[in-house]
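Below, each chain spelled out in residue letters.
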Amino acid sequence: MHSMNQGKENHQPNQMKQPTNQAGMTQPGQSLNHGGHELFDAHEVIAGIISMLDQYQMYEQHIQDPALKDILHRQTTFVTKTYNTIVESFQTGHDPKVPTQEYKMQQSNNIVYGIQAGKPKKPNASTNELSDQGISAYMLGNAKSLTSLLAMTAVEMTNPVLRRVIADTVPNFIELSYEIFLYQNKHAYYQVPQLAEQDMINMLNSYTTVQQPPNAPLH
């Protein structure tokens, strides 16, 4: 989502240093305001985003449905901007020139419930058997994996700006994943089973709210 808090967290801790390269030259605009574990996590996130973008390029040539290709193009454009924002924040430790944006999907969120019998699935014998069903599943896997990684990484950050950028990116990747799921569900690629009605009712009524203790703080 929009990183409205980035400016508030762009303070400069006392331990901030200017790094030097192997030749002893100062690297302008860079900051060493990062923990070791944070550096490893940030590298994993950035490498994961590169992998996603690379794989999207490979998927594009095999997609048949213009609607799926449109999703891929829009997501590629958005994730590329996100990549640049994360890399800049990682290298400088300061607010990026282009803050995190909000991804707006274009799919209807009407879910089709129920399971229809279909042809059993099996691994492809060759790339000639690649289909929109399979490719959309690969895209969903890419987006969901990065969503989990970003969420886990956000709580490991020490640099306040990079932490905010990573945290703000999580909802966007949730939206990317949901958009692909909705496309799959609409085409019966991702079917959603439901429990029997009485079982659902019983589970929905398994909990109840509690009264707020008197004089308890609201926040």
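Since this is a predicted model, take the numbers as computed values, not measurements.

K.L.:
Before we move on, can you summarise the pattern of salt bridges with the specific residues and values?
P.N.:
Tallied over the full model, the rule gives 6 salt bridges. Here Asp70 ties to Arg74 by a salt bridge, and the two come within 3.0 Å at their closest N and O atoms. Of this pair, Asp70 and Arg74 both sit in helix H2 (residues 66-92), 4 residues apart, which is roughly one turn of the helix. A residue is classified by how much of its surface remains accessible, and Asp70, at 34% relative accessible area, is partly exposed. One salt bridge connects Asp168 with Arg164, and the closest N-O pair in it is separated by 3.2 Å. Separated by 4 residues within a single helix, Asp168 and Arg164 lie in helix H4 (residues 160-186), roughly one turn from each other.

K.L.:
Residues and numbers for the environment of Tyr138, please.
P.N.:
If you trace the backbone, Tyr138 turns up in helix H3 (residues 132-154). A residue is classified by how much of its surface remains accessible, and Tyr138, at 34% relative accessible area, is partly exposed. Sequence separation between Tyr138 and Tyr56 is 82 residues; the distance between their C-alpha atoms is 9.1 Å.

K.L.:
Could you give an account of the packing of helix H1 (residues 36-60) against H4, naming the residues involved and the relevant values?
P.N.:
Viewed as axis vectors pointing N to C, H1 and H4 meet at an angle of 30 degrees, and their least axial separation amounts to 13 Å. With respect to each other, H1 and H4 are oriented roughly parallel. Of the two possible hands of crossing, H1 and H4 adopt the one that is left-handed. Between H1 and H4, the residues in contact are Glu38, Ala42, Val45, Met52 and Tyr56 and Leu162, Ile166, Phe173, Leu176 and Ile180, respectively.

K.L.:
Could you give an account of H4, with specific residues and numbers?
P.N.:
With 27 residues, H4 extends 40 Å between its outermost C-alpha atoms, agreeing within 8% with the 39 Å of an ideal straight helix rising 1.5 Å per residue. By the criterion of burial, H4 is predominantly enclosed, with 20 of the 27 residues buried. For H4, the N-terminal cap is Asn159; the gap from its side-chain oxygen to the backbone nitrogen of Val161 is 3.0 Å.

K.L.:
Talk me through the side chain of Asp41; I want residue IDs and the actual numbers.
P.N.:
Relative to the assigned elements, Asp41 resides in helix H1. Among buried Asp, Glu, Lys and Arg side chains, Asp41 stands out as unpaired, with Arg163 the closest opposite charge at 13 Å. Setting aside chain neighbours within four positions, we find Asp41 in contact with Thr153, Glu156 and Met157.

About the cut-offs
Residues numbered from 1 in each chain as written. Predicted model: local features only at pLDDT ≥ 70, side-chain atom pairs only at ≥ 80, totals over all residues. Heavy atoms only, no water. Salt bridge = Lys/Arg side-chain N within 4 Å of Asp/Glu carboxyl O. Helix = DSSP H or I, 4+ residues; strand = E, 2+ residues; numbered from the N terminus. Buried < 20%, exposed > 50% of the residue type's maximum accessible area, 1.4 Å probe, protein only. Axes fitted to C-alpha atoms, helices over the stretch in contact; angles between N-to-C directions. Parallel < 35°, antiparallel > 145°, perpendicular 65-115°, else oblique. Left-handed = near helix turned anticlockwise from the far one by under 90°. Contact = heavy atoms within 4.5 Å. Expected span 1.5 Å × (residues − 1). Polar contact = N/O pair within 3.5 Å; in protein donor to acceptor, adjacent residues only side chain to side chain. Lys, Arg positive; Asp, Glu negative; His and termini not counted.

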